[in-house]
Each structure stands twice: as C-alpha cells, then as structure tokens.
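Each chain is listed here by its residues.
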Amino acid sequence: MCETCGCGDPDIVPIEIQESILAVNDHQAEHNREHFVRDRVLAINLMGSPGSGKTALLEATAVALGGEHRLTALSGDLATDNDAERLRAAGIPSLSITTGSACHLDAKMVHHALHHAPWDESDLLFIENVGNLVCPAVYDLGQQANVVALAVTEGEDKPLKYPVMFSKADLVLLTKVDLLPHLPGISVERIAAALAETMPEAAMIPVSALTGEGMGAWIEWLEAQRLETERLSALRVAAIGPPIVAGGHMKV
Amino acid sequence: MHEYSIVSALLDRVDDAVRLHGATAVHRIRVQIGELSGVETGLLHEAFLMVRGSTVSAEAELEITAVEAQWRCAMCNRIVARGERLSCPNCGATARLAKGSEILLERVEMEVP
Ligand SMILES: Nc1nc2c(ncn2[C@@H]2O[C@H](COP(=O)(O)OP(=O)(O)OP(=O)(O)O)[C@@H](O)[C@H]2O)c(=O)[nH]1
Ligand SMILES: [Mg+2]
Ligand SMILES: [Zn+2]
Ligand SMILES: [Zn+2]
C-alpha cells in the first residue's frame with residue numbers, strides 16, 4: 001500500500017539490478033572454460049557466414065596436422081548432421097548440436113554436448129558455430145579463442161558491415177584464396193584495411209582448404225595457442241591443485 | 001534473430017526479482033544496449049512485445065537506452081575516431097571497447113503490495 005498518501009495504490013518499487021542480461025550464459029561459459037583449462041584442451045569457437053568454408057577448413061586442418069594432435073569437434077547445425085559426418089570421415093570424432101530454430105550456439109548447448117563427446121581426451125576442441133555472421137558473436141561458449149572464417153567471395157566490406165563479429169575475433173582466416181585469380185575485383189589489402197578498423201588486434205591468415213595454402217601459418221597459430229592453454233592450465237594447477245583424473249563429472 | 005533468446009533471458013531475470021520482492025506486476029524494465037553488442041534495439045523491442053504477454057511483465061514498458069560505441073587506446077586512453085584503425089597512432093597500443101558492448105539490465109520498477 002502507498003504509505004505516502006494512503007490512496008490504496010500499491011507502491012512502485014524501483015530495484016537496481018545492473019547485471020548482464022546474458023549473466024546465465026556467461027556463468028555457464030565460465031564453467032565450460034574451467035573444464036577446458038582443467039583438461040588442457042584448446043577450445044576454438046569457429047564462426048563465419050554460411051558456406052564460408054568452416055567445415056572444409058577443419059577437414060584440411062586434420063590433414064595438415066597428420067595425427068599430430070588429438071582433435072574433437074562439435075558442430076552447430078540448424079537441422080542436419082552433415083558437417084559432423086564430414087568431420088568424422090576426415091578422422092575427427094565429432095558430434096552435431098542441432099539448434100533447431102536457434103541461429104547460434106550458446107554455452108548450455110555446448111556443455112550438454114560435452115557430456116557426449118570424447119573432448120577431454122583431445123588436445124584441440126573445435127566448436128563449429130552455426131553459419132551466421134551476427135548472432136554467434138553474442139554468446140560466449142567458454143572458448144579460449146574466437147576464429148572467424150571469411151571467404152574471399154563474401155566481399156571486402158564484410159568486416160565493416162558486421163563489426164560485432166570481427167571486434168570479437170582473435171583471428172580471421174581468409175578462406176578460399178585459391179579463387180582469387182578468378183576475382184579481379186577483390187583486393188586482400190582492402191579486406192585487411194577493413195579489419196584494421198573493426199578488429200583490435202587485427203590478425204588475418206589467407207588460407208585455402210583446397211590447395212593447402214596458408215595451412216602452415218594456421219597450424220603455427222594453433223601451436224602458439226596451445227602454449228597459452230598449457231600456461232593457463234599450469235596457473236590453475238598452481239592455484240587449486242591437479243585435476244581429479246577419474247570421477248570428474250565431465251569424464252565420459 | 002537471437003533477440004528472442006535475449007528477451008527470454010531478460011524476462012527470467014525480471015521474474016527472479018519479482019519473486020524475491022513479492023511483486024504483483026512489473027511497470028517498467030530499463031536496459032542498456034551497446035551499439036557493438038550484437039543486439040538490435042528495434043528487434044529487441046518487437047520481441048519483447050511478442051513475448052511479454054504471458055508473463056508477470058505483461059503490462060510492462062521496456063525502456064531501452066542505446067549506448068554508442070567508443071574505442072579507446074588501452075595505453076593512453078585516446079579516443080579512436082570512427083573509421084580510424086584500432087591501433088593508437090601515438091603509442092601503437094591496441095584499442096579496447098570502452099563503451100558499446102552493453103547488454104545490461106539496469107533496473108526493474110514493480111508493484112509491491
Ligand atoms: N575453391 C574453394 N572452395 C572451398 C574451399 N573451402 C570450402 N569450399 C567450398 O565452399 C562450400 C562450403 O564449404 P563448407 O566447408 O561446407 O562451409 P561451411 O562454412 O562449413 O558451411 P556451413 O556449415 O553450412 O555454414 C563447399 O562447396 C566447399 O567445397 C576452398 O578453400 N576453396
Ligand atoms: Mg559447416
Ligand atoms: Zn541469433
Ligand atoms: Zn595510445
């Protein structure tokens with residue numbers, strides 16, 4: 001009851017919250033991150049437009065690594081199991097996350113999938129997000145790094161049109177560069193310039209899954225990230241002791 | 001369009017506050033949405049009007065404050081103008097997003113009997 005005038009109206013109470021609307025997702029993402037760090041797994045959130053070459057890149061990555069590291073993949077797909085099937089054929093144990101109408105993965109979907117994939121026995125976990133240059137950028141999954149696949153055929157202004165995605169990228173893979181000879185209007189320099197305006201630590205590697213061009217530089221980048229994973233993991237052990245090897249609830 | 005997921009997360013959070021304070025209705029929900037948050041304020045508002053109907057927020061008004069993006073040098077704090085490279089011409093350091101990534105629930109105004 002309104003106590004000021006006794007009019008009988010209920011009080012309107014303002015409650016300050018000042019909290020991210022995505023707090024629940026962020027919390028789940030931190031939980032996933034803990035798992036990855038604990039088990040020394042480098043988790044990569046691979047994003048990009050539909051058809052930008054994400055799956056092809058992972059297939060080529062398996063070839064380029066030639067069994068060097070143990071890989072696992074989760075692939076977000078609206079409706080099919082196609083990408084996970086392709087990845088399994090390429091020798092990467094993979095699981096689809098069928099998102100239905102959702103145009104992005106979120107941390108909870110990833111966590112659920114982790115219970116069904118042998119990710120904790122691997123060194124690298126690739127999370128292929130739903131093909132979409134907008135929504136996936138909004139949701140933290142617990143990854144160590146965001147990689148965006150941008151195909152040379154998509155146009156030079158994509159980083160300026162979709163700044164959110166590129167502002168969150170740790171690396172851009174400029175894919176399908178084998179097509180450049182057929183695209184006289186496309187300049188790699190102009191793409192790089194657009195990235196410099198939207199991506200804080202602009203880093204781009206031109207690659208072709210078809211010819212293998214640039215795969216060496218991409219693998220080197222992954223190796224550097226692996227060192228960072230080792231460092232984070234060692235810090236964690238120093239802070240709270242070694243992981244419990246058996247019986248941790250994520251062990252499959 | 002992920003604005004529906006954002007609205008559903010928002011209404012869940014509002015619901016928590018409603019239960020905590022024993023409110024009977026929500027009058028106004030105030031949020032901040034950054035230019036580089038990936039959330040479209042127009043779509044968010046539409047999604048809100050579609051979803052609020054079945055909840056304790058059915059009569060609530062959504063007040064959205066749009067926050068302009070601002071990049072600043074991480075070292076010297078110099079503002080990076082629009083269209084400039086995101087590395088500082090003075091010290092070479094990388095810019096950081098000082099404002100514009102908000103997807104923030106600021107406050108809920110509700111009826112408490
Ligand atoms: N020429 C050429 N074509 C490529 C290359 N990489 C991928 N492609 C082709 O591009 C198309 C899409 O490749 P995918 O790997 O399925 O792309 P994606 O990003 O995984 O697609 P979604 O998961 O559906 O979003 C296929 O027809 C590929 O053969 C490349 O390096 N060079
Ligand atoms: Mg794919
Ligand atoms: Zn979305
Ligand atoms: Zn500076």
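Because the structure is predicted, anything quoted here is derived from the model rather than measured.

1. Concerning the overall build of chain A
- A count of helical and extended segments in chain A gives eight helices and eight strands.
- Each of the three principal axes of chain A carries a C-alpha extent, and together these read 80 × 50 × 35 Å.
- Buried positions account for 51% of the 252 residues belonging to chain A.
- Of all intrachain contacts in chain A linking residues separated by at least 6 positions in sequence, the fraction that spans at least 24 positions is 74%.
- As presented, chain A carries roughly 11,200 Å² of accessible surface, and 57% of it is formed by carbon and sulfur atoms.
- If you average the places of the 17 positive and of the 34 negative side-chain charges in chain A, the two averages end up 5 Å apart.

2. Here we look at the overall build of chain B
- Scanning chain B for helices and strands turns up two helices and six strands.
- In summary, chain B has a C-alpha radius of gyration of 18 Å against a globular reference of 13 Å for 113 residues, an excess of more than 25%.
- Principal-axis analysis of the C-alpha atoms gives chain B an extent of 55 × 25 × 15 Å.
- Here chain B holds 113 residues, and 42% of them are scored as buried.
- Considering only residue pairs separated by 6 or more positions, chain B has 70% of its internal contacts joining residues 24 or more positions apart.
- Per element, the accessible surface of chain B, about 5,600 Å² overall, is 48% carbon and sulfur.
- Of note, chain B has its 12 positive side-chain charges centred 10 Å away from the centre of its 16 negative side-chain charges.

3. A short note on the coordination of the zinc ion (ligand 4)
All names here are of chain B.
- Protein ligation of the zinc ion (ligand 4) involves C73 (SG), C76 (SG), C88 (SG) and C91 (SG), the donor distances falling in the range 2.1 to 2.3 Å.
- Viewed at the metal, the four donor atoms of the zinc ion (ligand 4) are separated by angles of 98 to 126°, and the geometry they form is tetrahedral.
- Sequence positions of the residues that donate to the zinc ion (ligand 4) give the spacing C-x2-C-x11-C-x2-C. Pair noted here: C76 is in the loop between β3 (70-73) and β4 (79-80) and C88 is in the loop between β4 and β5 (95-99), with a separation of 12 residues, a long-range link.
- On the accessibility criterion, C88 (6% relative accessible area) is buried.

4. Some details on the site of ligand 1
Residue and element names in this part refer to chain A.
- Inspection of the region around ligand 1 gives 18 residues, with K54, T55, A56, R86 and D178 positioned closest.
- In the environment of ligand 1, an oxygen atom lies 2.8 Å from a nitrogen or oxygen atom belonging to the backbone of A56.
- A distance of 2.9 Å is found between an oxygen atom of ligand 1 and a side-chain nitrogen or oxygen belonging to D83.
- For ligand 1, the protein covers 69% of the area, taking 650 Å² as the surface of the free molecule.
- For the shell around ligand 1, the secondary structure elements donating two or more residues are α2 (54-65) and α3 (82-89).
- Here the shell around ligand 1 takes three residues from α2, the largest share from any one element.
- Its residues assigned to classes, the shell around ligand 1 shows five nonpolar, seven polar and six charged.

5. Things to note about the nonpolar core
- One finds B:I6, B:I29, B:V31, B:L105 and B:M110 to be the most contacted residues of the largest nonpolar core, which totals 29 residues.
- Elements that contribute at least two residues to this core include exactly β1 (11-20) of chain A together with α1 (3-21), β1 (25-34), α2 (41-51) and β6 (103-112) of chain B.
- If one sorts the elements of this core by residue count, α1(B) sits on top with seven residues.
- When near neighbours in sequence (up to four residues on either side) are disregarded, B:M110 contacts A:D11, A:I12, A:V13, A:I15, B:A17, B:V18, B:H21, B:A23, B:A25, B:V26 and B:H27.
- With 26 residues, the next largest nonpolar core counts A:I44, A:L65, A:A149 and A:I219 among its residues.

The rules we used
- Residues numbered from 1 in each chain as written.
- Chains lettered and ligands numbered in written order.
- Predicted model: local features only at pLDDT ≥ 70, side-chain atom pairs only at ≥ 80, totals over all residues.
- Heavy atoms only, no water.
- Helix = DSSP H or I, 4+ residues; strand = E, 2+ residues; numbered from the N terminus.
- Buried < 20%, exposed > 50% of the residue type's maximum accessible area, 1.4 Å probe, protein only.
- Contact = heavy atoms within 4.5 Å.
- Areas by Shrake-Rupley, 256 points an atom, 1.4 Å probe, with all protein chains shown as cover.
- Lys, Arg positive; Asp, Glu negative; His and termini not counted.
- Charge placed at Lys NZ, Arg CZ, Asp CG, Glu CD.
- Rg over C-alpha atoms; globule rule 2.2 N^0.38 Å.
- Donors = N, O, S within 2.8 Å, 3.2 Å for Na, K, Ca; no water.
- Tetrahedral: all angles 85-135°; square planar, octahedral: opposite > 155°, others 65-115°.
- Near = heavy atom within 4 Å.
- Polar contact = N/O pair within 3.5 Å; in protein donor to acceptor, adjacent residues only side chain to side chain.
- Nonpolar A, V, L, I, M, F, W, Y, C, P; charged D, E, K, R; others polar.
- Core = buried A, V, L, I, M, F, W, Y, C linked by side-chain atoms within 4.5 Å.

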